[in-house]
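# A structural walkthrough
Single-letter residue listing:
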Amino acid sequence: MKSVATIRTQLEEYLKSNRMTLNQFSGKTQINSGTLSGIINGHRPIAMQQLDRITAGMGLPEGFFYEAYIEECFFHAAPDWRRLGPFLRRCAELNKLECIERMVRLLMDNLSYIPLLFDLAEQFFHEGKREAAVLLYEAVSEGERMQHSERLALCRYRLFTLNLSKDQNKNLLLAAQFEPYVDRLDEPYQLDGLNDLLNVFLSLRRWNKVKELAEKLKVRATIYYEMNGGKKPAETKKQIIFYVLYAYLELGDALFNLEDYENALQYVSLYKDCDWVKNPNEDELVVIHQFQEFAEGNRYLYQLMSGKWRFCRSTRGIFLPGKTKFSSLYARLSLRPTGSILTSILYLRSTRLI
């Protein structure tokens, strides 16, 4: 590894080998010549922006001195977040994850940096810098592992969602690690936390767990709606009524897959009839219409499986007892290849986009 002396020495050697004065290099890098002199003589620490300009001025690749800069920040000057923060941001931009990991390891010797690291992790998360965010969330989680803070819970939630993959065994482990923290999340985050946990167990077909989490989501979302109305907090991904209706849907779904068709059927009306929603806005109306469509298809399926549904299929539609024709459903089902009506209804269920 290059020592910090190498940064200064290489700069000095570059100037000598290119017969360049400080004023000339100053013009090339837009760094004051007095500042350059102080850097070379070791009287002034190197700021992050200055390091990048010096590196570019010497014709070296971006981040060439970043490993050495860690020594500059910790061993040759007092640590200062005004330099550490910008350094971590630049490392994230250049995907220099090893530098982030080493810098964070040194920072965690002083736990007063935890709030700053958490705030930066949140910035990375919202900017889509997933790998850099994971490193910071892991450090904060480790530093606060003995605490019961909302910050620790949110770190665990972020790590859960950021690490989900197509590996179902890994997802199950992630869910098990996160679940003890979901109740510690702030209310708006709890709704998404429960929703995301539920979806993992849904993909694993753990129906009893789906039922348990859906019941918890129903209670939390209903209480939140009763206390705050439909106003959507910035922290939640969806409209509040979505969480209530989705909880009902998955309670029915879990019971259906547990072959309790009678009770599964009872939940259909709960996500079909939304009279309890007060003055729904445009976004809420979209959610309501979506769940009413799910209810239509699920009701037919649940009635069929419970033995209550007697039907025949004609070339023009589907008839229930009493010869009521459901042409709108048939229009959708008729888009499917020729096959059984059950296959078509199962297809209708599988197309829900939640």
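About the criteria used
Residues numbered from 1 in each chain as written. Predicted model: local features only at pLDDT ≥ 70, side-chain atom pairs only at ≥ 80, totals over all residues. Heavy atoms only, no water. Phe/Tyr/Trp six-rings, centres within 6.5 Å; stacked < 30°, edge-to-face > 60°. Helix = DSSP H or I, 4+ residues; strand = E, 2+ residues; numbered from the N terminus. Buried < 20%, exposed > 50% of the residue type's maximum accessible area, 1.4 Å probe, protein only. Lys NZ or Arg CZ within 6 Å of the ring centre and 35° of its normal. pLDDT = per-residue confidence, 0-100. Contact = heavy atoms within 4.5 Å. Axes fitted to C-alpha atoms, helices over the stretch in contact; angles between N-to-C directions. Left-handed = near helix turned anticlockwise from the far one by under 90°. Nonpolar A, V, L, I, M, F, W, Y, C, P; charged D, E, K, R; others polar. Expected span 1.5 Å × (residues − 1). Patch = residues over 30% accessible without salt bridge, like charges linked within 9 Å, V, L, I, M, F, W, Y side chains within 5 Å. Areas by Shrake-Rupley, 256 points an atom, 1.4 Å probe, with all protein chains shown as cover. Salt bridge = Lys/Arg side-chain N within 4 Å of Asp/Glu carboxyl O.

### Quick notes on the packing of aromatic side chains
Summed over the entire model, instances satisfying the criterion amount to 17 aromatic pairs. Each ring, one from Tyr248 and one from Tyr267, has its centre 6.4 Å from the other, and the planes form 35 degrees; the classification is tilted. With Tyr248 in helix H14 (residues 240-257) and Tyr267 in helix H15 (residues 261-272), this residue pair connects regions lying 19 residues apart in the sequence. For Tyr248, a relative accessible area of 16% puts it in the buried group. When the centroid spacing of 5.0 Å and the interplanar angle of 20 degrees are considered together, the rings of Phe256 and Tyr302 count as stacked. Of this pair, Phe256 sits in helix H14 while Tyr302 sits in helix H16 (residues 282-306), and the two are 46 residues apart along the sequence. You'll find Phe256 and Tyr302 in the same group, each marked buried. For Arg158, the ring lying beneath its charged end belongs to Phe125, and the centroid distance is 4.0 Å. Over the aromatic face of Phe201 sits the side chain of Lys209, whose NZ or CZ is 5.9 Å from the ring centroid.

### With respect to unusual backbone geometry
Among all residues except glycine, the phi angle is most often negative; among peptide bonds, the trans geometry is most common. In this structure, Gln30 is a non-glycine residue whose phi angle is positive, near 60 degrees. In this structure, Gln30 sits in the loop between helix H2 (22-29) and helix H3 (33-40). One non-glycine residue, Asn279, adopts positive backbone phi at about 45 degrees. Relative to the helices and strands, Asn279 is located in the loop between H15 and H16.

### A short note on the confidence of the model for the protein chain
When pLDDT is averaged along the protein chain, the result is 85; 85% of the residues meet or exceed 70. Per-element confidence in the protein chain ranges from a low mean pLDDT of 36 for strand S3 (residues 324-325) to a high of 97 for helix H8 (residues 114-127). In the predicted structure, residues 311-349 sits below a pLDDT of 50 and forms 58 contacts with residues beyond four places in sequence or in another chain.

### Description of the packing of helix H11 (residues 168-178) against helix H12 (residues 187-203)
Contact pair H11 / H12: the axes reach a minimum separation of 10 Å and the direction vectors enclose 145 degrees. Pair H11 / H12 crosses with left-handed handedness. Contacts between H11 and H12 pair Gln168, Asn171, Leu172, Ala175 and Phe178 from the former with Gly193, Leu197, Val200, Phe201 and Ser203 from the latter. For the contact of H11 with H12, the per-class residue count stands at six nonpolar, four polar and no charged.

### Description of the environment of Pro180
With respect to the helices, strands and loops of the structure, Pro180 is situated in the loop between H11 and H12. On the basis of relative accessibility, which here comes to 53%, the residue Pro180 falls in the exposed class. Considered as a pair, Pro180 and Ala153 are 27 residues apart in the sequence and their alpha carbons are 8.9 Å apart.

### Details of H8
The end-to-end C-alpha distance of H8, which contains 14 residues, comes to 20 Å, matching closely the 20 Å that a straight helix rising 1.5 Å per residue would cover. Turning to H8, its buried residues are Ile114, Leu117, Phe118, Leu120, Ala121, Glu122 and Phe124. Of the surrounding elements, those touching the buried residues of H8 are helix H6 (81-93), helix H7 (97-107), helix H9 (130-143), helix H10 (150-163) and H12. Trailing H8 by a residue or two, Gly128 shows a phi angle of about 85 degrees, which is positive.

### Digging into a nonpolar patch on the surface
The grouping of Val219, Ile223 and Met227 at the surface amounts to a nonpolar patch, some 280 Å² of accessible area in total. With respect to the secondary-structure elements, Met227 resides in helix H13 (residues 207-228).

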